[in-house]
Amino acid sequence: MRCLTPACSPSSERLAVLYPHLSNMLVTSSGIDHQLLNKRPRACLAYGGDKPLRYNRLNCRCNASSFAGRVADYASSNKTRNTGGAHQSMDDKVQRRLEIFHEGQDGPPLRILPIGGLGEIGMNCMLVGHYDRYILIDSGLMFPDYEDLGVQKILPDTGFIHRWRHKIEAVIITHGHEDHIGALPWVFPVLDPSTPIYATSFTMELIKRRLDEYAIKSDGRLKIFDMRTRFNAGPFEIESIRVTHSIPDCCGLILRCCDGTIFHTGDWKIDESPIDNKYFDRTALEQLSKEGVTLMMSDSTNVLSPGRTTSEADVAKALMHKVLSAKGRVITTQFASNVHRLGSIKLAAEASGRKLVFLGMSLRTYLDAAWRDGQAPFDPSILVKPEDMDLFAPKDLLIVTTGSQAEPRAALNLASFGNSRSLKLNKEDLVLYSAKVIPGNEIRVMKMMNRIAELGPNIAMGRAENLHTSGHAYRGELEEVIQLVKPQHFMPVHGEYAFLKEHERLGKDSGVRHTAVIKNGEMLGVAPLRNRKVLSSGFFPLGKEDLTLMYNDGDKAFGTAADLCIGERLRIALNGIIIVSMEVMRKEADKRHWQKGSDGPQNGLRGRVKITTRCLWVDRGKLLDALHKAATAALSSLPLDAALGLIEHTVGLALRKVVQKYSNRRPDVIVIASEASQSVRNPAVSQNGISIDEKRRTGSIQEKQVDAKWRSKQKQEPRSAFLKTQTSRGGNHPSFLKQNVKSKFHRAADEHTESRNGAKEEMTLSSPKERTVYNGSESDLLPETPNSLETVSTESLTEEVLRFTGSEVNMTTRSTRESSDAGLMEEKAMDDSVNSAKMSSPTIRRKWKSGEVLVLIEARKQEENNLQQGQGRKRIWKAVAEALAEAGFERTPDQCKTVWFSLVKRYKSSVEAVNNGAKNFSFYDAMHVALSGMEVVSNKKSKE
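Residues numbered from 1 in each chain as written. Predicted model: local features only at pLDDT ≥ 70, side-chain atom pairs only at ≥ 80, totals over all residues. Heavy atoms only, no water.

**Q** What should I look at first to understand the overall build of the protein chain in this one?
**A** Within the protein chain one finds 32 helices and 30 strands. The buried share among the 944 residues of the protein chain stands at 50%. Pairs at least 24 residues apart make up 70% of the contacts formed inside the protein chain by residues separated by at least 6 positions. With the model as given, the accessible surface of the protein chain reaches about 46200 Å², and the carbon-plus-sulfur share is 50%. (Helix = DSSP H or I, 4+ residues; strand = E, 2+ residues; numbered from the N terminus. Buried < 20%, exposed > 50% of the residue type's maximum accessible area, 1.4 Å probe, protein only. Contact = heavy atoms within 4.5 Å. Areas by Shrake-Rupley, 256 points an atom, 1.4 Å probe, with all protein chains shown as cover.)

**Q** Just checking my understanding: could you explain the nonpolar core for this structure?
**A** A general feature of soluble globular proteins is that nonpolar side chains tend to end up buried together. Counting residues in each nonpolar core, the largest one holds 65 residues, and the members touching the most others are Leu127, Ile207, Leu356 and Phe358. Residues contacting Leu127, with those up to four places away along its chain left out, are Arg111, Ile112, Leu113, Ile115, Tyr134, Ile135, Leu136, Phe160, Trp164 and Ile168. Core analysis: the next-biggest nonpolar cluster, separate from the first, contains 32 residues, Met227, Phe231, Val493 and Val517 among them. (Core = buried A, V, L, I, M, F, W, Y, C linked by side-chain atoms within 4.5 Å.)

**Q** How do you make sense of the environment of Cys125 when you look at a structure like this?
**A** Mapped onto the elements, Cys125 comes out in strand S6 (residues 125-130). Residue Cys125 is classed as buried on the basis of its relative accessible area of 2%. Expressed as a C-alpha distance, the spacing of Cys125 and Ile137, which sit 12 residues apart in the sequence, is 5.9 Å. Here Cys125 is in contact with Pro114, Ile115, Gly116, Leu136, Ile137, Asp138, Ser139, Pro156 and Ile161, once residues within four sequence places are set aside.

**Q** Mind showing me how you'd approach the sheet that holds strand S19 (residues 397-401) here?
**A** Picture the strands of a sheet paired through backbone hydrogen bonds; they go either parallel or antiparallel. If you trace the 5 strands from one edge of the open sheet to the other, you get S18-S19-S17-S20-S21, paired in parallel fashion. A single partner strand is all that each edge strand has here, and the edge strands are strand S18 (355-359) and strand S21 (458-460). Across the sheet, the axes of successive neighbouring strands diverge by a mean angle of 20 degrees, strand direction being ignored. Helix H12 (residues 361-373) contacts S18 and S19 of the sheet and is inclined by roughly 115 degrees relative to S18. (Pairing = 2+ DSSP bridges. Axes fitted to C-alpha atoms, helices over the stretch in contact; angles between N-to-C directions.)

**Q** Just to check I follow, could you spell out empty space enclosed by the protein for this structure?
**A** Any space left empty among the atoms is revealed by the rolling of a water-sized probe across them. All chains considered together, the criterion is met by 4 cavities of 30 Å³ or more. For the largest cavity, the calculated volume is near 170 Å³. What lines the largest cavity is a set of 22 residues, among which Thr244, His245, Ile247, Asp276 and His340 lie closest to the centre. Across the lining of the largest cavity, the residue classes tally to 6 nonpolar, 8 polar and 8 charged. (1 Å grid on protein atoms, 1.4 Å probe; cavity = no way out; pocket = protein on both sides within 12 Å on 5 of 7 lines; lining within 4 Å. Points joined across faces, edges and corners; volume = space filled by probe spheres on them. Nonpolar A, V, L, I, M, F, W, Y, C, P; charged D, E, K, R; others polar.)

**Q** Looking at this structure, I do not really get the packing of helix H28 (residues 850-862) against helix H30 (residues 873-886). What am I missing?
**A** The axes of two packed helices give the description: the angle between them and the distance between them. Running from amino to carboxyl end, H28 crosses H30 at an angle of 140 degrees, the nearest separation of the two axes being 9 Å. As the angle between them shows, H28 and H30 are arranged oblique. Two packed elements cross with a definite hand, and for H28 against H30 that hand is right-handed. Along the contact surface, H28 presents Glu852, Val855, Leu856, Ala859 and Arg860, while H30 presents Ile876, Trp877, Val880, Ala883 and Leu884. Its residues assigned to classes, the contact of H28 with H30 comprises 8 nonpolar, no polar and 2 charged. (Parallel < 35°, antiparallel > 145°, perpendicular 65-115°, else oblique. Left-handed = near helix turned anticlockwise from the far one by under 90°.)

**Q** What am I meant to see in the sheet that holds strand S24 (residues 522-526) here?
**A** Read across the sheet, 8 strands follow the order S11-S10-S9-S7-S6-S5-S24-S25 without closing on themselves; strand pairing throughout is mixed. The open sheet has two edge strands with one neighbour each: strand S11 (222-224) and strand S25 (539-544). Averaged over neighbouring strand pairs, the angle between their axes works out to 25 degrees when direction is ignored. Contacting strand S10 (197-199) and S11, helix H8 (residues 201-213) crosses the sheet at an angle of about 165 degrees to S11.

**Q** Teacher, can you tell me more about the pairing of strand S5 (residues 110-116) here?
**A** For a regular strand, the rule is simple: side chains alternate between the two faces of the sheet. Buried residues dominate S5, accounting for 7 of its 7 residues. Both S5 and S6 contribute to a ladder of 6 bridges, which runs antiparallel. Of the residues in S6, the one forming a bridge with Leu110 is His130. Pairing of S5 with S24, which is carried by 3 bridges, proceeds in the antiparallel orientation. In the strand pairing of S24, Ile112 is matched with Leu524.

**Q** Looking at this structure, I do not really get the side chain of Glu477. What am I missing?
**A** Looking at the element boundaries, Glu477 is found in helix H15 (residues 475-485). One buried charged side chain, Glu477, makes no salt bridge at all; its nearest oppositely charged neighbour is Arg308, positioned 5.1 Å away. (Lys, Arg positive; Asp, Glu negative; His and termini not counted. Salt bridge = Lys/Arg side-chain N within 4 Å of Asp/Glu carboxyl O.)

Now the structure itself:
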């Protein structure tokens, strides 16, 4: 071990005087190598400082006058301490575990602290510093695993970055992949407002777009640098060198300071024939090797792959061959960021006479950024729009899609389900998979390819097709660069922990003396070089920070795993959840009543228990019965004065045990206990001598009987005839219903409301057909009888209008439907008044009559000229409603629009039947005349 500071390096004679029992150490003419064989004095001589020597592992800053005193203090204190192992202090071992990061001018001057990217794929983010001044290299995200339910992005610990914002003086971005820039919208705001962001021009275009998406203002903090141009950032003089990768403008970084030189490769490979003719800069590395490199950090992604990567030019040849030999439509999928491959695909499209189509926003995002930077292989304006693909023959199209990793909303994945509006796969298509399956995505990618194969297209994928090459160096290239740079220290980065260890082994085999593998949050110190020669004292671990991963759901939600309840989501998904609602009854009067009856418990609490489960196997209701019994038993076991919190805990514990015994699951149990209201606490008897509990049990049976009676009556007497009869008695106004129904209906409702405790319940429609309409299901729209519209209400047209006009249907239709449903309930109340408490105040449903429909058709025809002159559609339908009002029919504009579009739809579906001689639409002639006249007006306006 060498004393790090030349000013305090003692001579051999002076050291012998100060520390006699170390006279057997090896002393050389060029300095002192303290071979102390794991003895504690080695650390003392190598690291002085202001703290007590036994706790201090920092570089020596002592002077001659204080050095002897410190050694003497250490020698006296070392005699009384317990030791463990070969002369190692157990106290020091504990202390080293508790050590925090060194700050200030203490410790090794060069320091590395990875925040992400080590032991994982993605989220590359690393602090590199000189003493207490740092720069942040990259700020990437990581994509979630299947266990991270509801999460789209995993981000580095922004809280830690915020705490250290006063130490971070700059951010340097090596290239524009998401695992290097994806976290900037969250990291950028937590940095000091004056901290600049450095990147190449193409990468900066991507950063600007990303910050704009999140409405983050850069305020002049974005700085662009060129290759081989030196600039100062934080404590370092930085120089970027060109490396080849699967995205333009990728660079490695050389960080120089007074205490050494650090080389960070970024993501890289050696492409001997790149598409853009921008070669890997070996010359810069040869010059760097002559200067001397204190520390080299290198990408480890493909360290397990032997040999060397193939060139992007080889992939271009394979793509050209596939496209030229295809007879039908060609569909290729790739990583959107690979702009070089987009250029190869464009060349293949030109050679085969095909038009190029992009499906997926990310493809256009990267191409536009390259175009603004002047590095795009072609002008984005030549692309055919997806909506214009039908104008070309399939053999004249080459489609590039997103979705190589089977992302849920990506174009190719949607097409595999048949859900894409732009892409419908068929047997004549050729699908080229020009990408690599990212580890962790294998299952869903193969499922997607299986679905595509079932649809019929031919698929070309796999290494044998040579349709893809990696952007990360293989083992042969990694070894070449290590031997070219000849670093004193080597630390692998960017990869799983097994990749890092294998890369470390490769570094040792390549002749590097000092290597280290660390994890995220571990700080590593590097001793400086002396006189720029390859002489070093090795790595020094300086502590560990417990970093916290941050998560984003793709929208506003952002926080820790606890904030986004990720563990809870997975637990519920695997084990299910039980929700229990209980009203607790505990009065003494209740207790006396229970003792008289046979249903209630003799002692303890009683309550009404409702149990709901989700994501849990209930064995056709058997488990629910067991849960209900367990909840009732647990409740009855508690004293009358038990607190609600105790009740919830006891019942929850009982239900967990039941489920664990029944199905070996541990679901989440949520128990909500509340005090019962007065009406529930007193199980009183109604006026007729029947208990309300008994009425509640028999109520549902009576309601079913009423429904059955009403359905049989509907079959015997149509509703239209029923309404006509009532109209002749009481006129068109619904007041006759109110007068006739109130005496029976409300008396029954008032009597039953007491047992229901005033709670409103959902209405049940009588007619099966009307129940279907009320629930939003598909139903018959326009009956095929001559006078169909005399018996069809507005709400019966809703489903057809929704299919025809989409979102144009106004909420007025819903309100009309609800009022018409209330009318059905009134009719039911007139025949049967038993159990009528479910119905609200009565109204009737107004029907569309034939004359009313004809007025609507004529009025809409007359307003077509106004529509062509530029009047708004709302005004048109308002005028139609006014025309109906003048004819004596009161309708809203939305009702008029709803029926009109239903008529248009029915007319279109009846054209073929009329041509065959079958006329099944009573308003066909009127609609034919109206639509023909409207077409004439439209054509005349277009010619003008």
